[in-house]
Amino acid sequence: NAGVTQTPKFRVLKTGQSMTLLCAQDMNHEYMYWYRQDPGMGLRLIHYSVGEGTTAKGEVPDGYNVSRLKKQNFLLGLESAAPSQTSVYFCASSLTDIAASSYNEQFFGPGTRLTVL
Amino acid sequence: RKEVEQDPGPFNVPEGATVAFNCTYSNSASQSFFWYRQDCRKEPKLLMSVYSSGNEDGRFTAQLNRASQYISLLIRDSKLSDSATYLCVVIPSSGNTPLVFGKGTRLSVIA
């Protein structure tokens with residue numbers, strides 16, 4: 001049981017290049033999330049998904065696209081990278097997001113450190 | 001007022017000390033509250049949920065004050081291994097974000 005894995009762990013891009021970050025989970029979780037974490041800004045939600053084939057915008061969605069074609073995978077795409085997208089990207093998953101549930105813990109991947117020059 | 005606010009610290013305390021963090025939230029209808037822990041250059045992990053009646057897990061005690069809209073985390077007998085950033089997390093009852101994370105409070109326990 002690997003939990004949540006992210007690929008790649010590190011990446012350096014030039015401005016204007018594109019890339020896709022892959023997140024995979026083997027816990028059969030319905031909900032998946034992409035966050036970015038910057039110094040002094042905390043974790044900010046980019047996009048999330050409440051199930052296979054669905055996606056929704058979070059707090060900072062501009063410049064990113066996502067897809068959830070399979071339940072276990074959640075892809076984050078940068079079509080034209082900008083230096084402002086230099087950050088640490090975390091993927092997370094949870095069984096549910098219902099407030100009253102005891103199954104709403106989010107499990108995070110190890111992160112992808114992206115630098116855009 | 002930001003949705004979830006924490007004192008960023010850092011809190012520098014000696015081993016064995018008791019330290020407390022507070023976190024305030026703006027949405028009075030928020031339903032669920034958590035503390036996550038994040039070690040340097042690692043991913044966040046759930047430390048404990050915060051229940052209305054308060055809860056304790058070993059040296060850690062979490063409490064909720066709905067009237068004043070804050071949650072707290074108390075760490076007794078601090079260990080060097082407690083050094084980390086502690087994130088306050090709230091599930092609002094409405095809005096388009098499942099969870100809202102505070103920016104975190106950094107704790108350094110010094111020998």
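My aim in this report is to walk through the structure given alongside it, one point at a time.

Cut-offs used in this document
- Residues numbered from 1 in each chain as written.
- Chains lettered and ligands numbered in written order.
- Predicted model: local features only at pLDDT ≥ 70, side-chain atom pairs only at ≥ 80, totals over all residues.
- Heavy atoms only, no water.
- Helix = DSSP H or I, 4+ residues; strand = E, 2+ residues; numbered from the N terminus.
- Rg over C-alpha atoms; globule rule 2.2 N^0.38 Å.
- Contact = heavy atoms within 4.5 Å.
- Disulfide = S-S within 2.5 Å.
- Buried area = accessible area lost by both parts, 1.4 Å probe.
- Salt bridge = Lys/Arg side-chain N within 4 Å of Asp/Glu carboxyl O.
- Polar contact = N/O pair within 3.5 Å; in protein donor to acceptor, adjacent residues only side chain to side chain.

1. Things to note about the overall build of chain A
So, step 1. On a plain count of helices and strands, chain A comes out with zero helices and 11 strands.
So, step 2. Along chain A, helices and strands appear, N-terminal first, in the series β-β-β-β-β-β-β-β-β-β-β.
So, step 3. At 14 Å, chain A has a C-alpha radius of gyration in line with the 13 Å of a compact globule built from 117 residues.
So, step 4. Taken over the C-alpha atoms alone, chain A extends approximately 40 × 30 × 25 Å along its principal axes.

2. Some remarks on the environment of A:C91
Residues and elements named next belong to chain A.
So, step 1. Mapping C91 onto the fold places it in strand β9 (residues 87-94).
So, step 2. In this structure the C-alpha to C-alpha distance between C91 and M32, which are 59 residues apart in sequence, comes to 7.2 Å.
So, step 3. In this structure, C91 is in contact with V4, Q6, C23, M32, Y33, W34, F107, F108 and G109, ignoring residues within four places of it in sequence.

3. What to know about the state of the cysteines
Residues and elements named next belong to chain B.
So, step 1. As enumerated under the stated definition, the model contains two disulfides over all chains in all.
So, step 2. For C23, the disulfide goes to C88, at an S-S distance of 1.9 Å. Its S-S torsion of about -70 degrees marks the bond between C23 and C88 as left-handed, since a negative value means left-handed. Separated by 65 residues along the polypeptide, C23 in strand β3 (residues 19-25) and C88 in strand β9 (residues 84-91) bring together distant segments of the chain.

4. A closer look at the interface of chain A and chain B
So, step 1. Taken together, the 22 residues of chain A in the interface contact 18 residues of chain B.
So, step 2. Note on chain A versus chain B: buried area summed over both sides is about 1700 Å², and carbon and sulfur give 59% of it.
So, step 3. Connecting chain A to chain B are zero salt bridges.
So, step 4. Joining chain A to chain B, the criterion identifies four residue pairs in polar contact (both at pLDDT 80 or more).
So, step 5. Of all the secondary structure elements, the ones that give two or more residues to the side of chain A that touches chain B are β4 (31-38) and β5 (42-49) of chain A.
So, step 6. It is β5(A) that provides the largest number of residues to the side of chain A that touches chain B, a total of four residues.

By themselves, these observations are geometric and do not establish any function.
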